[in-house]
Amino acid sequence: MNAEYPIGMTRCSKRYWKEFEIYCSKKEINYFDINILNQYLYEIYNCSITDRVNLDKKSREAIRAMLILIDINNIKETLNSLYKDRKLNEYYQKVLIDYLKFYQDIRNNSERTIDDKKNETIDFFKYLINNNIDNISKLNKDIILNYLENNKNKKISKKIKINWNLRSIFMYLNDSAILTNNFDIYLPKIKRVKQRRLPAVFEKDDVIKILSYLKENLGTTPASYRNYAIILIAAKLGIRKIDIMNLKWNNIDWKNNSINIIQQKTKKQLSLPLPNDVGEAIIEYIKEERPFKIKNENDYIFIRHRYPLTKLSRDFSLSYVIEDIFKAIDITNDKYKQKGLHSFRFTLATELLNENVPIDIISSIVGHSNLNSTKTYIKVSDNNLQKCFLEVDYE
């Protein structure tokens, strides 16, 4: 193999490899390539090798097993090209690249925003291709209305994102004289009433129980060292999830015991002291569990433990891990509505507020760009509502 895959991953994949072998035998297929893999996935699981959303568990496992076969058989270049166009032809690929460059030049958006636009645009262009619109100039009212109709049952947040991106596409196409008609008039106005949710704050004893349980059970479940280190960073330092995911080896100054990052959300530098237990948890993860050892200072510290073994994706979540811990330590699941990493960040900030730490100091610790963001925590700082909080320097 080209990669050192965790035992659990290969064990799970074996049943799909056997199933693929039987499939090829029945079809009298005696060669191996991407098309055969896709044919197998489509006929058995109604998915393709590049699908990532709206998949059931078996489909996800089957795709992962096939990706490992791709790596073993050294046909990754073919896979990369498949990911690159995601069924877009050369014409639409060029329009996509030009559109994203246009938007980046005028807005200077973050990588995440551009990636969102890319995915939304690919979905739209694929719809056009499937409906025999081989050139943007053939775009018409009916195609747009049908596309919107196909997405009418999606969440309102998704529909807003689709509308937002279509307006941007039409603006680019009109400015570039690719389109002369104004198709904006066919896009509905979708209103969403924003209700700012109060942040979830864990009780002090519950946070201690969570961290103790994770530490006591290191090595007993997949990615346990990684998950412990990530949750410990969130609880002790209050760093945003996206910044934890983006942590690289060179963000840690081991000599001076500090973490130094450029925050993705604010683009501002944040420097925080590195507690000994956090540093030890990171080292233990690298030594005991990380699929690859750190090779250079630009390597991401936390990576996926399933193929592809790359940096954690944007949809990475530990809510399910925390829910399982709640069951193990007898915390009712409905005690906290929110169970993600951000709750540890809110908990730390709220505790500091209750310790009478000045709000400007709290703002600098959690990396807020203005005090108004930090003032959100005042709404949950009433000791009558939250009787006990996390101690900043807990054991």
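Anything mentioned here points back to the structure above.
These numbers were taken from a predicted model, which means no experiment stands behind them.

If you look at the biggest cluster of nonpolar residues, it comprises 46 residues, and the most contacted ones within it are Ile233, Phe302 and Phe344. Of all the secondary-structure elements, those providing two or more residues to this core are α9 (204–216), α10 (224–237), α11 (241–245), β2 (258–262), β3 (269–273), α12 (276–288), α13 (319–328) and α14 (341–354). Among the elements that make up this core, the one with the highest residue count is α10 (ten residues). Apart from the residues within four sequence positions on either side, Phe344 is in contact with Phe202, Val207, Ile210, Ile231, Ala234, Ala235 and Ile322. Grouped together as the second largest cluster of nonpolar side chains are 30 residues, Tyr99, Leu128, Leu139 and Leu166 included.

In this section: the pattern of salt bridges. Under the criterion given, the structure shown has nine salt bridges. Glu120 is the partner of Lys158 in a salt bridge, and the nearest nitrogen-oxygen pair spans 2.5 Å. In this pair, Lys158 is assigned in helix α8 (residues 156–175) and Glu120 in helix α6 (residues 111–130), connecting sequence segments 38 residues apart. Looking at Glu120, the relative accessible area reads 6%, which means it is buried.

Turning next to the packing of α10 against α14. Between α10 and α14, whose axes approach to 7 Å, the crossing angle comes to 25°. Here α10 is positioned roughly parallel relative to α14, judged by the angle of their axes. Across from Ile230, Ile231, Ala234, Ala235, Lys236 and Leu237 in α10, the residues of α14 making contact are Leu341, Phe344, Arg345 and Leu348. Counted by class, the contact of α10 with α14 contains eight nonpolar, no polar and two charged residues.

A separate point is the packing of aromatic side chains. One pair of aromatic rings is described through two measures. These are the centre distance and the angle between the planes. Taken as a whole and judged by the stated rule, the model has 17 aromatic pairs. A centroid spacing of 6.3 Å and a plane angle of 85° characterise the contact between Phe202 and Phe326, whose relative ring orientation is edge-to-face. On the criterion of sequence distance, the pair formed by Phe202 in the loop between α8 and α9 and Phe326 in helix α13 is long-range, its members being 124 residues apart. In this pair, the class of Phe202 matches that of Phe326, namely buried. An aromatic cluster is defined as three or more aromatic residues linked by ring pairs; in this entry it consists of Tyr91, Tyr92, Phe124, Phe125, Tyr127 and Tyr147. The ring of Tyr300 has Lys248 lying over it, and the distance from NZ or CZ to the ring centre is 5.0 Å.

This paragraph deals with α9. The end-to-end C-alpha separation of α9 is 18 Å, in line with the 18 Å expected for 13 residues at 1.5 Å each. Taken together, the buried positions of α9 are Asp206, Val207, Ile210, Leu211 and Leu214. Buried positions in α9, seen along its axis, are confined to an arc of 130° and lie on one side of it. In α9, the exposed positions that point more than 90 degrees away from the buried face belong to Lys215 and Glu216. Residues of α9 that are buried in the fold lie against α10, α13 and α14.

The rules behind these values
Residues numbered from 1 in each chain as written. Predicted model: local features only at pLDDT ≥ 70, side-chain atom pairs only at ≥ 80, totals over all residues. Heavy atoms only, no water. Core = buried A, V, L, I, M, F, W, Y, C linked by side-chain atoms within 4.5 Å. Buried < 20%, exposed > 50% of the residue type's maximum accessible area, 1.4 Å probe, protein only. Helix = DSSP H or I, 4+ residues; strand = E, 2+ residues; numbered from the N terminus. Contact = heavy atoms within 4.5 Å. Salt bridge = Lys/Arg side-chain N within 4 Å of Asp/Glu carboxyl O. Axes fitted to C-alpha atoms, helices over the stretch in contact; angles between N-to-C directions. Parallel < 35°, antiparallel > 145°, perpendicular 65-115°, else oblique. Nonpolar A, V, L, I, M, F, W, Y, C, P; charged D, E, K, R; others polar. Phe/Tyr/Trp six-rings, centres within 6.5 Å; stacked < 30°, edge-to-face > 60°. Lys NZ or Arg CZ within 6 Å of the ring centre and 35° of its normal. Expected span 1.5 Å × (residues − 1). Arc of directions from axis to C-beta.

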